[in-house]
Structures are given as structure tokens and as C-alpha cells.
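# Fold and geometry: a report
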Amino acid sequence: RSVSAAAISPDGHVAVTFTTDDARSFYLWRGPFGRAVAKEATLTHIFSGSSGRQSTLGVFMFEAACSSSTMTFTTVGVGHFKHWVINFPQNSPITVSQKKGVYGKNPARNPLDWAWRKDDGSAWLVADNGQLYMVMNHSATASKQLASKPLACVEQLPGGRWIAGAVDGTIYVGSGDSMKVEEEIPFAELQGSQAQAFSSTATARFNAITVRRHLAVFGCSNHALFLVDYTRLELLRVLQVSHTTEAWALDFHPTLAILATASARGGVRFWNVADRKAAVGKVLRSEFPAWSLAFQPTDGSLLAVGMDKGLLEVMHFPSLQPTFRERLSRSAERVSSLRFSPCGRYLAAGSWDQEVYLLHIDSESRVTLHRILSGNSSSIVSVMFSEDSRYVMSNSKDCQILHWTTKDGTLQRSQSVFRDTRWQAPWTSVLGWPVVGIWSDPKYDASDINSACQAYAPHHDLLAFGDDYGCVKLLRYPSPFLNPRIEVFTGHASFVTAVRFSPSNVLVTLGGDDHSICQWSLQPRGFEEDLTPTLRHPWAELEGSEAPQDRFAFLGRSEEATPREDPDPEPRRSRVFQDINQVQIGEEEKRATGPTGKRFYHHQQSQGVRNALQWD
């Protein structure tokens, strides 16, 4: 099944993991956990057993009671909390003692987080009934109702005080034994402009916290991370935001350092590529799940979004005022692929109803349906234009490649006439003679590659693609042979749904269930200096735009909040790709080798930030 919780002993020699199998098994491992584990390091399984009927969701080591021969910790999970003591005698078998916790007068259905108070074994516990409990060993000695909503995280503060967070975004700060609440503040009322910007589009659903001095990092179930100064009740920085469901669409603005992504929940997010962080609060809500999007390549003045139910919306950018909104598919199938022609006069929309809808754009940016291109026998996965915008090409799920003229929508029966045709840059289709080499992996089937993208000049002889095994791969372009040399890179914990190069050759890859965006730079092997020119921060340029001041006007605001201190930049690494940023921190891709020598991919679905926050 899967690992639901894990922790490492204070000396770094032993780890305990809890799983979700039928026995709710736990395992003890011995290994070099106190330092970075090398690839050749080995872990030794030393003990295993059943933890009970309910799943364990968090493990909290009691460092004061741990030694080389004893490990003491508490677990919280579905319907229970337990106190554990594990002994490691030198010449005797390992012994395990576990005691189920007792609430007293105010029982909770599910405890959610735990924080040790003192070396005497007392601790704080919060639960889904909004109660804060004071616990000694395995018994609750006192409790207090703090919120009507579940309290999802708690942490000890200096001087015996505590801080807790609720799922509705409320922060509580209180004193010690009396459990008196000293501060209660909703997230949206924190100081700092980013708090209001985030709250305008989402709710801070706290479920994890870690504290150092006057700073607290809050994690959320909707994949956000916040750095808060709890002494001043100020949000210093939004460290991370993400889509909360699968995201399949992304595109770069052709001139500004803006990246747009869209998710199956229906939101379009904008990201600051120059500063390598999210544009907080800059979210466009759509009525239906969004599966494709594209900027007009000439000046980026139009943004097209393809959605479920066959809906296509084209908006002016940055005002996001709609200029076209129509249901194209009569069978209400999703619009799965979008691409503007190089001249900017046409927009091709591929749909799962097996049709390609060709739209015309006039000089005043008015959009009209020009032709419906038929002939495919399966759903469309990608569309492209020729370099001169005279032809449009589609790829479908059944590996069919078709061509039509843009003038009158005539289907071209002969494929050989296109052997010398120049296609628009960058190449983004997964099928075609120039990309035969991306299918060289023998374990691939026709659905295992979701996206491909050619780099821009001067590296236009390279192409990147992502697959269902969480890999990002790089090879020469064009690649008409089945045995090309391919560089493989990892970083996603789920299938890669989309890849795209920016005009300055910054590569962004989009994960599916891991809800992550990885940003990569393209560098010659062995070269230490970054060759990628950085585009200027775009949001200040949009200040004073003539766009109407509507609910999307925040796109034109520059961010005012700046942190008091910045972390040191990550050291550069010499390789063809350099992972320079991962917007949403996901699990590392896991691979194992079975007894037959075959490699197996271990899928991981991100469930938000929970019980995994730790200061380095």
C-alpha cells in the first residue's frame, strides 16, 4: 500500500514507518538517517508488527526519553492517539510497548496534531472537535474549546506558551497551564499585503506548523506554505501555492516573465518566472475544469482557455476581459489542446469530440469560428500550425496525424507533401517524424507521453518531453530515429502532464497528482555560469494599464511585502539541466528494481502539507 507516517530517532540511527495495509503495519529500520543518504547506502529492516486497526497519520519523537537503547514517541491517527516505548537490548529481542490515549470528559473523534511541552512528558494535542488538550503520557489532564472548526496543528512556544491553527485559517496564541487564549486572528487580518491577496482567491486551511524563534511556518491542506511572524501577527511571505487538483495546461507569455497554468478544478494561476515564485492572489476562476491554454505569440495580448463541456474562452491580457466565449463542441467534450498560428490570425482548438475548431482573429482582436476540421477517428491531443500559417496539423489518441489548409479547411489526403514543410517553433506535438525518437522506451504505450516542447534559439536543436513515469527527458531535435541518446531527469512524484520552454529557454514542467511545478535552466554540461537571460519582473509594467478596474485588476499590482531576510541562493550544479526551483515541494520520485530486473514506478498523490515541516 503506502507509508502514512514516518519519523527518525534523535541520534539518526533508527527510523519508524507506518503503513496503510490491512494490518496497519509498522516497521523499524536501521541506517544512516542522520545525514544525506548516498545512493549506495543500505537500510536494514530490524522489526515489524501491527499497530492496530486505525491508520497512523503522524509520529512525534520524545527526544528527552530517547537514547541509544530506547525510542519513545507518540502517534496520532484515525480515531486514536498512542504512546509508544521501543527498547533495543543488546543481547535480547526488541520489545515494543504501546498504550492507547485517554481523553476524559471531552473525547475527540480524530486527533490531528501533537506538540511536546516539557521534558516531563506533557504535551499539547489538538483535534477535529476544536479542542486543545493538555496530555501527560497517554492521558488528557485538561482541555479547552478554542474553535468551532477543527484545530489541525499546534506547536510549543518559548515560555510555556503555544500556537495553534484551525482549518478555517484562524491562528490562536495562548499561555501555558491556564490554556488562556491571548491572540485570535483570522489569516486575512494578518499584517502584510500578501495576506489579503491570498485570501481574495483561497482559504488558508492550516494543517501543519513549525516554529523557530519569532517565526512560524504554516502548511495547508490546499498546498500553501506561509512564513509568519507570530509576535507581530504579520505574514512575511507566501512561500508556496499550488493547484489543488491535477493541472494539465501551461504556457508562457511571449514577452513578459509570466507563466499561466490551469487545473481540472477550473482555476488559472499566474506565476512570476523572473523571481521564480507564484504571483500571490493572481488567480482567474473559470466555470468549468480547464484543460488547455495558450497566449497569442505575437504580443501576448490574448489568452485562450479551453475547458470542459466544449467551452472556449478568449480574453484580452492583462485585463482578462472576454472577447470570445462559446461552446464549440456539440457533444460537450473538453477542449484539450490550443495553439495560435505564428501570424496570430488563427487559433486552433482540438477537442475530445474528434474535431479541430479553427477560429479567425481580426485586426481588432474579434474572434469568430472559421472552420470545423473533421477527419480524426479519436480524441485530439495536440494541434500545431505550419511556419507560414497555411496549414494546421493535429495528433489524436489513436496516433493519427492529419493536416488541413487554414484558408478553407480542406483535409490534405497526401502526407508526403508535408515532408519538407517547416512547422511553427517551438514544436509541441508528440507525434511526427521530428519526434519519433521520444517513443524509443520499450515500456511506453501510446498514452505514456503527454507533452513535448522544442527549445528556442540558440538551443533549438533540443527537445524536452515528460512521461507518465514522472521523468523529464531531453534529446536532440529533430530526432527521427528510434535509438537516440536521451538524458533523463527526475523531480516529479507523479506523471508529467505538460512541459514548455520560455523564449529565454527556461523549462517548466507540470506534475499531475503531485501538484508541483518544476523550473529548470538549460546549460551546457560542465558550465558553471547561468547562460539564461532573466526577464524583468512583469507586474510593475502592468501598473497603470488602461484595463478596466474590475475583479481581475489585481493583475496590475506589484507586490509590496518583502521579507526581512532572504535565504542563501542554492548552489549551482553542473549538468545539462539544472533544477533551479520547485514551486510546489513534492515527494521525490521513487523507483525500485524487482526480482526480474524491471523498474517499477511508485505513484504518489500529494495530500497537502501535513506533519512534514522542519527547520534545517
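Read on for a plain summary of the structure. (Residues numbered from 1 in each chain as written. Predicted model: local features only at pLDDT ≥ 70, side-chain atom pairs only at ≥ 80, totals over all residues. Heavy atoms only, no water.)

### Considering the packing of aromatic side chains
A ring pair, where both rings are aromatic, is described by two values, the distance of the centres and the angle of the planes. A full pass over the atoms with the stated rule returns 28 aromatic pairs. Between phenylalanine 18 and tryptophan 84 the ring centres are 5.5 Å apart and the planes differ by 75°, which places this aromatic pair in the edge-to-face class. One end of the pair, phenylalanine 18, is in strand 2 (residues 14-19); the other, tryptophan 84, is in strand 7 (residues 80-87), and 66 residues separate them in sequence. Owing to a relative accessible area of 0%, tryptophan 84 belongs among the buried residues under this scheme. Where phenylalanine 206 meets phenylalanine 226, the ring centres are 6.3 Å apart and the plane angle is 80°; that geometry is what we call edge-to-face. Of this pair, phenylalanine 206 sits in strand 17 (residues 206-212) while phenylalanine 226 sits in strand 19 (residues 225-229), and the two are 20 residues apart along the sequence. (Phe/Tyr/Trp six-rings, centres within 6.5 Å; stacked < 30°, edge-to-face > 60°. Helix = DSSP H or I, 4+ residues; strand = E, 2+ residues; numbered from the N terminus. Buried < 20%, exposed > 50% of the residue type's maximum accessible area, 1.4 Å probe, protein only.)

### Observations concerning empty space enclosed by the protein
With the rule as written, the count across this model stands at two cavities of 30 Å³ or more. Taken as a whole, the second largest cavity encloses approximately 40 Å³ of empty space. Ser242, His243, Thr245, Ala247, Trp271, Leu510, Gly511, His515, Ser516 and Ile517 together form the lining of the second largest cavity. Classifying every residue of the lining of the second largest cavity by side-chain character gives four nonpolar, six polar and no charged. (1 Å grid on protein atoms, 1.4 Å probe; cavity = no way out; pocket = protein on both sides within 12 Å on 5 of 7 lines; lining within 4 Å. Points joined across faces, edges and corners; volume = space filled by probe spheres on them. Nonpolar A, V, L, I, M, F, W, Y, C, P; charged D, E, K, R; others polar.)

### Some points on the side chain of aspartate 353
For aspartate 353, the position within the fold is in the loop between strand 30 (346-351) and strand 31 (356-361). Among buried charged residues, aspartate 353 stands out as having no salt bridge; its nearest opposite-charge side chain is arginine 330, 8.1 Å away. Of the polar contacts made by the side chain of aspartate 353, one reaches the side chain of serine 351; its length is 3.1 Å. Looking at aspartate 353, its side chain comes within polar contact range of the side chain of tyrosine 357, at 2.4 Å. (Lys, Arg positive; Asp, Glu negative; His and termini not counted. Salt bridge = Lys/Arg side-chain N within 4 Å of Asp/Glu carboxyl O. Polar contact = N/O pair within 3.5 Å; in protein donor to acceptor, adjacent residues only side chain to side chain.)

### What about the sheet that holds strand 29 (residues 335-340)?
The strand order across the open sheet built from four strands is 29-30-31-32, with neighbouring strands paired in antiparallel fashion. If you trace the sheet from one side to the other, it starts and ends with strand 29 and strand 32 (367-373), each paired once. Neighbour-to-neighbour, the strand axes of this sheet turn through a mean angle of 25°, independent of strand direction. Direction of pairing for strand 31 relative to strand 32: antiparallel, over a ladder of six bridges. Looking across to strand 32, one finds that valine 356 is bridged to leucine 373. (Pairing = 2+ DSSP bridges. Axes fitted to C-alpha atoms, helices over the stretch in contact; angles between N-to-C directions.)

### What to know about the sheet that holds strand 34 (residues 391-396)
Read from one edge of the open sheet, three strands run 33-34-35, paired in antiparallel fashion. Among the strands making up the open sheet, the edge pair consists of strand 33 (380-385) and strand 35 (401-405). Across the sheet, the mean angle separating the axes of adjacent strands is 20° when strand polarity is ignored. Sheet analysis places strand 34 next to strand 35, joined by five bridges and oriented antiparallel. Residue pairing for strand 35: serine 394 is matched across the bridge by leucine 402.

### Considering unusual backbone geometry
Here the amide bond leading from phenylalanine 317 into proline 318 is cis, since omega sits at 15°, within 30 degrees of zero. Topologically, proline 318 is positioned in the loop between strand 27 (311-316) and strand 28 (322-327). In this structure, proline 426 follows alanine 425 across a cis peptide bond, with omega equal to 0°. Position of proline 426 relative to the elements: it lies in the loop between strand 35 and strand 36 (449-454).

### Some remarks on the pairing of strand 2
Counting buried positions over the six residues of strand 2 gives six, a clear majority of the element. Because side chains alternate across strand 2, one face comprises the buried residues Val14, Val16 and Phe18, and the other comprises Ala15, Thr17 and Thr19, equally buried. Of the pairings in the sheet, the one linking strand 1 (residues 3-8) to strand 2 comprises five bridges and is antiparallel in character. If you follow valine 3 over to strand 2, its bridge partner there is threonine 19. Turn length for the strand 1-strand 2 hairpin, with the two strands adjacent in sequence and antiparallel, is five residues, and the turn residue glycine 12 shows positive phi of about 75°. Bridge count for strand 2 against strand 3 (residues 25-30) is five bridges, and the pairing is antiparallel. When the bridges of strand 3 are listed, valine 14 appears paired with arginine 30. Here strand 2 hands over to strand 3 after five residues, with arginine 24 in that stretch at a positive phi of 50°.

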